[in-house]
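# Coordinate analysis (summary)
Listed below, chain by chain, are the residues.
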Amino acid sequence: MEVKKAVLPVAGLGTRMLPITKVVPKELLNIVDRPTIEYVVDEAIEAGLETLIFIISQGKGNIIDYFDTNLNLRSFLRERGKMELLKKVEEVEDKVEHLIGIWQKTPEGLGHAILMAEKAVGDEPFAVLLGDDLVDAEVPCIKQMITMYKEHPANYIAIEKVAWEDVHRYGIIEGEEVSSGLIKIKKVVEKPKREEAPTNFAIIGRYIFNPEIFEYLKRIEKAPSGEYQLTDAIQLMINEGKEVYAYLFEGKRFDTGNKKGYFRTVLHYASKDPELKEVLLSFCKELS
Ligand code: G1P
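Throughout what follows, the structure given in this document is the object of discussion. (Residues numbered from 1 in each chain as written. Predicted model: local features only at pLDDT ≥ 70, side-chain atom pairs only at ≥ 80, totals over all residues. Heavy atoms only, no water.)

The next thing to look at is the nonpolar core. Core analysis: the biggest nonpolar cluster contains 42 residues, and Ile-37, Leu-49 and Phe-54 have the highest contact counts within it. Here this core takes six residues from helix H7 (residues 141-151), the largest share from any one element. Apart from the residues lying within four places of it in its own chain, the contact partners of Leu-49 are Val-3, Lys-4, Lys-5, Ala-6, Ala-44, Ala-127, Leu-129, Ile-142 and Ile-146. Core analysis: the next-biggest nonpolar cluster, separate from the first, contains 34 residues, Ala-113, Ala-120, Tyr-216 and Met-237 among them. (Core = buried A, V, L, I, M, F, W, Y, C linked by side-chain atoms within 4.5 Å. Buried < 20%, exposed > 50% of the residue type's maximum accessible area, 1.4 Å probe, protein only. Helix = DSSP H or I, 4+ residues; strand = E, 2+ residues; numbered from the N terminus. Contact = heavy atoms within 4.5 Å.)

See below:
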């Protein structure tokens, strides 16, 4: 079966980016000229994903509003002859063919958020794209993973090697390399201490799951953090003989959910625009 649906969990409180996230979801923070979430949505669409299921929470409905049609704005721009701007607005509003919004009413973690999508996903494989991880790649990261899924329909998780001092910020995997860049996972640990991390292969926010994951998400217990961890469900799947692979994707990943990562992301995407790159370089000269 083809992967046609994507779950985008964007319900997180964004505490690392407070105080702005009191009023602006971190997924709507601007990266040069578009909010973070639009880059994620573009990746999903380029990968051929047709139904996007947003898991949102109170105060984050404007993530969906961003992709909704604003008829008043359209007619205002048309009347004023602002056709270029109208084109830009229409482009965003016409982007997502089929959007579903599901509210996660209590902040009970990523595992819980994904389980909320069960009915909307149904009995199909699906992709998960976290709203604060961006991947700049020639072939979109989730598309690379869908290609792997087509060849061998198992569960896939994108990983990258991170610095050892950062392992405590991620889910960390351990396993056996089955082919270049592909590891069959034996163990996953959520945010281990540096001395307890089995490797420095970190999970980044791109996954492909068979619908069987939902049964495992129902069976896990809350972690001491008070959250249902997706990694616990993954470990349970592995324990019961399901195939889960970690994939070293091609591309560059950016974590927009903290101050330094957000800054790097803005600089990276700005430097892709020749005019902005010039501004950036001359500003760096001023600083040095
Ligand atoms: C979540 C996952 C973690 C993963 C990370 C990637 O953590 O729980 O396993 O490594 O996303 O961004 P969060 O960043 O939501 O705390």
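With that settled, the discussion passes to the pairing of strand S12 (residues 244-248). In terms of residue burial, S12 counts as a mostly covered element, since four of its five residues are buried. Judged from the five bridges that link them, strand S8 (residues 155-161) and S12 form a sheet pairing that is parallel. Residue pairing across strands places Ile-159 opposite Leu-248, the latter belonging to S12. Sheet topology places strand S10 (residues 182-190) next to S12; three bridges connect them, and they run antiparallel. Looking at the pairing, Lys-184 lines up with Tyr-245 of S12. (Pairing = 2+ DSSP bridges.)

We now examine the packing of aromatic side chains. Summed over all chains, the structure comprises eight aromatic pairs. Aromatic pair Phe-126 and Phe-214: ring centres 5.1 Å apart, planes at 5 degrees, arrangement stacked. With Phe-126 in strand S6 (residues 126-129) and Phe-214 in helix H8 (residues 213-219), this residue pair connects regions lying 88 residues apart in the sequence. Across the pair, exposure class does not vary: Phe-126 and Phe-214 are buried alike. One aromatic cluster is present, formed by Phe-126, Tyr-207, Phe-209 and Phe-214 through successive ring pairs. (Phe/Tyr/Trp six-rings, centres within 6.5 Å; stacked < 30°, edge-to-face > 60°.)

Attention shifts here to the site of the ligand. Residues in contact with the ligand, as listed here, are Leu-110, Leu-130, Asp-133, Tyr-170, Gly-171, Glu-190, Lys-191, Ile-203, Ile-204, Gly-205 and Thr-231. Here Asp-133 contributes a side-chain N or O atom positioned 2.9 Å from an oxygen atom of the ligand. In the environment of the ligand, an oxygen atom lies 2.7 Å from a nitrogen or oxygen atom belonging to the side chain of Lys-191. Contact with the protein chains hides 79% of the accessible area of the ligand, taken as 380 Å² for the molecule alone. If you map the ligand onto the pockets, it falls in the largest pocket. Among the elements that take part in the shell around the ligand, strand S11 (residues 201-209) stands out by supplying three residues, more than any other. (Near = heavy atom within 4 Å. Polar contact = N/O pair within 3.5 Å; in protein donor to acceptor, adjacent residues only side chain to side chain. Areas by Shrake-Rupley, 256 points an atom, 1.4 Å probe, with all protein chains shown as cover. 1 Å grid on protein atoms, 1.4 Å probe; cavity = no way out; pocket = protein on both sides within 12 Å on 5 of 7 lines; lining within 4 Å. Sits in = over half its atoms within 2 Å of the grid points.)

All right, on to the environment of Leu-115 then. On the secondary structure map, Leu-115 appears in helix H5 (residues 110-115). Separated by 98 residues in the primary sequence, Leu-115 and Ile-213 place their C-alpha atoms 8.6 Å from one another. The contacts of Leu-115, once residues within four sequence positions are left out, are Phe-214, Leu-217 and Lys-218.

With that settled, the discussion passes to the layout of surface pockets. For the largest pocket, the calculated volume is near 1300 Å³. The wall of the largest pocket is formed by 49 residues, among which Gly-12, Arg-16, Lys-26, Leu-110 and Asp-132 lie closest to the centre. When contributions to the lining of the largest pocket are tallied by element, the ones reaching two or more residues are H5, S11, helix H9 (230-239) and strand S13 (252-255). A total of four residues in the lining of the largest pocket trace back to one element, the largest contributor, which is S11. Tallied by class, the residues present in the lining of the largest pocket amount to 18 nonpolar, 16 polar and 15 charged. (Points joined across faces, edges and corners; volume = space filled by probe spheres on them. Nonpolar A, V, L, I, M, F, W, Y, C, P; charged D, E, K, R; others polar.)

Before going further, it helps to spend a moment on the environment of Ile-213. Looking at the element boundaries, Ile-213 is found in helix H8. In this structure, the C-alpha to C-alpha distance between Ile-213 and Ile-159, residues 54 residues apart in sequence, is 19 Å. Not counting residues up to four positions away in its chain, the partners in contact with Ile-213 are Phe-126, Leu-230, Ala-233, Ile-234 and Met-237.

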